[in-house]
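The chain contents come next:
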Amino acid sequence: TACPSICRGPLASTQPTLPHEAMLRRSARLAVSSVPRASWDPKHHDARWVDSYAKPAVDRRTWPAKVFSIVPEPQTPTEFLHYSKRNLAYAYNAAIRACSTFPETIELYNEMKARGAEVDLDTAFAMLSRAARYERMTPEDVFLLSDELRALGARFDITVIEVLHTVWDHSAAASPQWREARRRELVDEYNRLANDDIARYGEQGHAALMVQQLSRYARDVAQLGGTLRYDVYQRMFAQITDWRMLAPQLVAMLQARAGPDAPTVSLNVGTATLEIPVVGELLRRKSDAEDAVQPWARSGLPPLPAGEPHGPQFYEDVQLNKAFLAAIERVADAGFFEHAATGLGDRGLAQQLFLVAWYSKAMITADVFAQLMDIVRFSADDGGRRGMAARGIFRRAFRAANMERTADLVQWCDTMKPLDARVVARYLMAVDPWENEGFDLGQVPGKEEGKMTLGFKKFGSAPKQAKEASQADALENAAKTDESAAEGASAVAPVPGTRKQGLTGRDVDERMASVRRTIQRFVGAGTKAKERKDGDENSAEAAILQAKKARMNAYMEPNGMQLVTAQLVFLRRLVASANVAGNVEVMQRVVFYLREVKVELDELCDAPAVAAASTAGASEETPLAEGPETEAWESLLAALRVVLDSTAARTASGKSTRDGKAAADKCFAEANELRTQVVNESKTRFGGKFRMLWLEEA
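Basis of the calculations
- Residues numbered from 1 in each chain as written.
- Predicted model: local features only at pLDDT ≥ 70, side-chain atom pairs only at ≥ 80, totals over all residues.
- Heavy atoms only, no water.
- Helix = DSSP H or I, 4+ residues; strand = E, 2+ residues; numbered from the N terminus.
- Buried < 20%, exposed > 50% of the residue type's maximum accessible area, 1.4 Å probe, protein only.
- Contact = heavy atoms within 4.5 Å.
- Areas by Shrake-Rupley, 256 points an atom, 1.4 Å probe, with all protein chains shown as cover.
- Salt bridge = Lys/Arg side-chain N within 4 Å of Asp/Glu carboxyl O.
- Expected span 1.5 Å × (residues − 1).
- Phe/Tyr/Trp six-rings, centres within 6.5 Å; stacked < 30°, edge-to-face > 60°.
- Lys NZ or Arg CZ within 6 Å of the ring centre and 35° of its normal.

Enquirer: Requested: an account of the overall build of the chain, with residues and values cited.
Expert: Counting secondary structure elements, the chain contains 25 helices and five strands. The burial tally for the chain puts 46% of its 698 residues in the buried class. Sequence-distant contacts in the chain: of pairs separated by 6 or more residues, those separated by 24 or more amount to 72%. Split by element, the accessible area of the chain, about 36,300 Å² in all, is 53% carbon and sulfur.

What follows is the structure, encoded as structure tokens:
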């Protein structure tokens, strides 16, 4: 009832097993056990099994020596699958961080270098902190170890840099040259960390955390006798979103550069008071590289290249002005939170930042003045204060261009030109054409008021509270002083914000003459119109030609095309004013000046300029200007459109007399002729630059 081959009970068969069957059963077991599993199973590879003499003799030992203590070299396909440089680095970094003393890490660190594994940040901190505490390691050895770790791929953070900073503090026995070189390296590392944190926190919108972190870097760099670079502050100002953080950080930048013993100037901003340090005489303004012992050599600025002439571009004021410009631009950006306690708009806050720069006695560049004029221009005109602010900035630009020129400042004033074509053009576009009857746009303070002083004669002689200034006192009183001190001014100064009524063509002539005098005086190449003498019939014509030549010289200056834009914008705002509506006489003079500026623009764009001689000795003729700015061409079309609308409305009303109707028709025809010419040129000239304007007008 059961199978005899598997049953071993009483029912099993009693037939004996044959001898050869038992022998085969035993020999199969012997044959299988005699072949080692490591020879045919990759998962059980035995490194001690010797099948070749191509490997070193150490591999033929019974217990071969370990070549590497962490992750031996892969031998089997499975090990190759699990092997990678990343896993190797993970294993080594974990093993080094598990060590408790510095000597334990040396063997693992040497293997790590030999196998090319990257060092982690935590591993670098662990090794350097233990090396700094090891009694046989000198500060020079610790810094050499940091160089090796950096070469192996470690990117240090503030914890590692502060460990190296502590090691540097305890390296008084080292050579001065070594200490200075390592000090500069630490300053550069702090600046790198600051830039990284600005990029990290700025993108995430954590401005307050960014400011706190950079304050920590500034304190650490100050302990090294240096400062954060100005480009760091420039990037930080572009990310700040609150006035309560922007103004103190700007003052902190100046304070870090000036030191604790520098004199200060008080500036009231709303309910807060800013103590502005005077840094003017501490900035690097030397013309040679032999001043390494000066105080600026301890800052974060790179040393000047030796053996090369150094111009104003190497002055520290240039870098400082870039930081000022970033702060002023940030105030006008969208998303900036204007603190309610100040009670100021974007124009007032920008003026306060400018006063911080001004009272620090740093030399201001034309970039800052031009940006301030732009902010003032596009701000709200609340009771004539916009024009007063523009005149105050223009007055200070004149003072910056006519400061007391010492040996170090002659080249600066002649090359940098704080009062250039951009400042003058944007000033003309910012003021109200009809504001303050009898006011001359070109008025500037006298020679005595043009000095850049703060009320004390010598640097260092001012008290801690040298001067208190507010926005209203500093700018509005300055504008009133300019108006009252002008030559030929009336005894009673005009009230700001008032406008003249009953305008005539002579008023337009006076204002355009004021605009052109301003351009010739501050931008021209020194060419002035000759005074008319009695009995000289051709003196008037000669004066007109001389004045036109001076304007053309001003247009050829850098950014000179902005002066053409300023005149066209001035005329557009002049004719678009509410008290000009229906005044045919005023509009006739406006059309005349529009045509005159258009002729000058054509001469400027079509006149060839002799370029620098080529290597063959021949000179090439290139266009002097690529074309006017878009705002200039648009203002020209807009002014003509206003003239056409006003004259057509006056004619259609039927309230004018016959002579008035004839004058309006004549003005309409002249404006329409000029507009047709400008519209056609918008399509064909300047490479189609104004084709969009042609589409709008057509």
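Enquirer: How would you sum up the pattern of salt bridges? Please name residues and give values.
Expert: One pass over the full model with this rule turns up 33 salt bridges. A salt bridge links Asp196 to Arg192, with the nearest nitrogen and oxygen atoms 3.2 Å apart. Note that Asp196 and Arg192 are positioned in helix H8 (residues 176–204) at a spacing of four residues, about one turn of the helix. The exposure class assigned to Asp196 is partly exposed, which follows from its relative accessible area of 25%.

Enquirer: Any chance you could break down helix H21 (residues 561–575) for me, citing the residues and the numbers?
Expert: With 15 residues, H21 extends 22 Å between its outermost C-alpha atoms, agreeing within 8% with the 21 Å of an ideal straight helix rising 1.5 Å per residue. Most of H21 sits inside the fold, with 14 of its 15 residues counted as buried.

Enquirer: Describe helix H15 (residues 385–401), and please don't skip the residues or the numbers.
Expert: The end-to-end C-alpha distance of H15, which contains 17 residues, comes to 24 Å, matching closely the 24 Å that a straight helix rising 1.5 Å per residue would cover. Among the 17 residues of H15, 16 are classified as buried, and the element is accordingly described as predominantly covered.

Enquirer: Please give an account of the environment of Ala389 that cites residues and values.
Expert: Considering the arrangement of structural elements, one finds Ala389 in helix H15. What Ala389 contacts, discounting residues up to four positions off in sequence, is Arg347, Gln351 and Val376.

Enquirer: Quick one: what's the story with the packing of aromatic side chains, residue by residue and with numbers?
Expert: Enumeration over the complete set of coordinates arrives at 13 aromatic pairs. Here the aromatic rings of Phe686 and Phe690 are separated by 5.6 Å at their centres, their planes lie at 80°, and the arrangement is edge-to-face. This pair shows no difference in class: Phe686 is buried, exactly as Phe690 is. The ring of Tyr201 has Arg200 lying over it, and the distance from NZ or CZ to the ring centre is 5.8 Å.

Enquirer: Explain unusual backbone geometry to me, using residue names and the numbers behind them.
Expert: The backbone phi angle of Lys361 is positive, close to 65°, even though this residue is not glycine. In this structure, Lys361 sits in the loop between helix H13 (346–359) and helix H14 (366–377). Residue Lys361 is classed as partly exposed on the basis of its relative accessible area of 21%. Phi is positive for Lys417, which is not a glycine, with a value near 55°. The residue Lys417 is located in the loop between helix H16 (410–416) and helix H17 (421–430) in this model.

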